[in-house]
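Commentary on secondary and tertiary structure
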Amino acid sequence: MKAVTWQGKRDVRVEDVPDPRIEEPTDAVIRVTSTGLCGSDLHLYEVLTPFMSPGDVLGHEPMGIVEEVGSEVSGLRHGDRVVVPFQIACGHCFMCDTGLPTQCETTQVTGEGMGAAIFGYSRLYGSVPGGQAEYLRVPQAQFGPIKVPEGPPDDRFVYLSDVLPTAWQAVEYAAVPPGGTLAVLGLGPIGDMACRIARARGAERVFGVDLVPERLTRAQQRGVETYDLRAFDNEKSLVHAIQEETGGRGPDAVIDAVGTEAHGGAAAKLAQKATALMPRKLSAPLAERFSIDRLGALHMAIDLVRRGGTISLSGVYGGMADPMPMLTLFDKQIQLRMGQANVRRWTDQILPYLTDEDPLGVQDFATHRLPLTEAPHAYEMFQRKQDGAVKVLMQP
């Protein structure tokens, strides 16, 4: 089959790889009909290269049709239409029972000290072949896949794999009070969708911050009060402008939807690049112990949120030696919540929004739809923010 494979820094290729097959009685195999390109895929494209191996199959946002199921998968059958969550979880361990499938004790990658395995996301998360491919083996298929109805286009449901639950959890963790205010830093796919969900769930005012014109325009068209970072002399000026709109206090909550790809942090950027250029035998241990994130967005969130407010992190961070302004966090009595989205915890709450009325605008959420064979171009375009690329879907 054809699949998108990692070959090196900024080097992905579509290659022939072996077809997946049932390996465990809890497996399923699906024929992929749509698969997303995620902002966190760009971390593998550039930042997390020490944890990748040439030939790794990428992607963690697929949906498709069930082709085959293992003997212990009773909830699926051939021909079912399903969305596959990015994380692999059993659904019955202690962590899954407490609503934290990201920490599934059955699939935890204990050798790396990490949580549940993730499709197509480096050896840190199990080196499981991903969903940017024609077919996908789905472990723990008795729990993971989400059955969706026939009829509507894939765009209606494909974001249940990652974008929708990640944005939903970001808003849930932000704990915006009824009629409250929320700022979202970063208006890529997750930040954009978080704004939509927050407004649908009753936030009175949502402020969105970015520096990409197309992203700002998209958010503004859906009622978000947008701020172009480039229009301010510095970040302090932007923070002050939003605080002035909230009685001088700052918003009740801030979602950091940027993560380690934030602008600024020249020293951290240099460290990331230097580590990525080293031989993997040297760079991986160094990155695990001493990696530093570019923390511009997180520091802005800390400055911006009101005292006693909440910061919700949905952007991916991977540093182990990040300097944090603990005095400010403590003094402002900030609540901080974060983590990979617990997909199956939220899907039943999200599904009622995926109606013909489309209140979240999922059916025109993608800016680009490309064949899988154009994946190298898709990665380059998305990484460079070219041609207005905000969300890319690929079809095998």
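Note that the structure is a prediction, hence the values are computed from the model and not measured.

With that settled, consider the confidence of the model for the chain. Caution applies to low-pLDDT parts of the model: their predicted coordinates are not meant to be read in detail. In this model, the chain carries an average pLDDT of 91, and 90% of its residues clear a pLDDT of 70 or more. Scored below 50 in pLDDT, residues 262-272 makes 18 contacts in the model with residues more than four places away or belonging to other chains.

Okay, the pairing of strand β1 (residues 2-8) next. Extensive coverage of β1 is indicated by the burial of 6 of its 7 residues. Hairpin connection between β1 and strand β2 (residues 11-16): a loop of 2 residues separates the two successive antiparallel strands, and Arg10 in this loop has a positive phi of roughly 55 degrees. As defined by bridge partners, β1 adjoins strand β4 (residues 56-57) across 2 bridges and the pair is classed as antiparallel. Bridge assignment links Trp6 to a residue of β4, and that residue is Asp56.

In this section: the side chain of His60. Within the element layout of this structure, His60 appears in the loop between β4 and β5 (62-69). A polar contact of 3.4 Å, which involves the side chain of His60, links it to the side chain of Ser40. Polar side-chain contacts of His60 include one of 3.0 Å to the side chain of Asp162. Dropping the residues within four chain positions of it, His60 is found in contact with Cys38, Ser40, Asp41, Val84, Phe86, Ile118, Phe119, Tyr121, Gly131, Ser161 and Asp162.

Moving on, we come to helix α3 (residues 163-174). Between its first and last C-alpha atoms α3 spans 16 Å; for 12 residues at 1.5 Å apiece the expected length is 16 Å, and the two agree. Counted residue by residue, α3 has 11 buried out of 12 residues, so it is predominantly covered. Considering only its buried residues, α3 is in contact with β9 (181-185), α4 (189-200), β12 (253-256), β13 (310-313), β14 (335-338) and α11 (343-350). Phi turns positive one or two residues past the end of α3, at Ala175, with a value near 55 degrees.

So, about the pattern of salt bridges. Under the criterion given, the structure shown has 23 salt bridges. Among the ionic pairs, Arg137 bridges to Asp27, the shortest N-O distance being 2.7 Å. One end of the pair, Arg137, is in strand β7 (residues 135-138); the other, Asp27, is in the loop between β2 and β3 (28-37), with 110 residues separating them in the sequence. For Arg137, a relative accessible area of 21% puts it in the partly exposed group. On the accessibility criterion, Asp27 (1% relative accessible area) is buried. In this structure, the salt-bridge partner of Asp155 is Arg369, at a minimum N-O distance of 2.4 Å.

Turning to the nonpolar core, a few remarks are in order. One finds Tyr159, Leu160, Leu164, Met193 and Ile255 to be the most contacted residues of the largest nonpolar core, which totals 70 residues. Per-element accounting of this core gives the leading share, 8 residues, to α3. Apart from the residues lying within four places of it in its own chain, the contact partners of Leu164 are Tyr159, Met193, Ile197, Ile350, Leu354, Leu360 and Val362. Counting residues in each nonpolar core, the second largest holds 21 residues, with Leu185, Val239, Leu329 and Ile334 among its members.

As summarised here, the arrangement of the 6 strands in space is β11-β10-β9-β12-β13-β14, forming an open sheet in which the pairing is parallel. The outermost strands of the open sheet, each flanked by one partner alone, are β11 (225-228) and β14. Averaged over all pairs of adjacent strands, the angle between strand axes in this sheet comes to 20 degrees, irrespective of strand direction. Bridge count for strand β10 (residues 205-210) against β11 is 4 bridges, and the pairing is parallel. In the sheet register, Gly208 faces β11, and the bridge partner there is Thr226. Those strands touched by α3 are β9, β12, β13 and β14, and its axis lies near 160 degrees from that of β13. Along the sheet, helix α5 (residues 213-220) makes contact with β10 and β11, crossing β11 at roughly 165 degrees.

Reading the values: the criteria
Residues numbered from 1 in each chain as written. Predicted model: local features only at pLDDT ≥ 70, side-chain atom pairs only at ≥ 80, totals over all residues. Heavy atoms only, no water. pLDDT = per-residue confidence, 0-100. Contact = heavy atoms within 4.5 Å. Buried < 20%, exposed > 50% of the residue type's maximum accessible area, 1.4 Å probe, protein only. Helix = DSSP H or I, 4+ residues; strand = E, 2+ residues; numbered from the N terminus. Pairing = 2+ DSSP bridges. Polar contact = N/O pair within 3.5 Å; in protein donor to acceptor, adjacent residues only side chain to side chain. Expected span 1.5 Å × (residues − 1). Salt bridge = Lys/Arg side-chain N within 4 Å of Asp/Glu carboxyl O. Core = buried A, V, L, I, M, F, W, Y, C linked by side-chain atoms within 4.5 Å. Axes fitted to C-alpha atoms, helices over the stretch in contact; angles between N-to-C directions.

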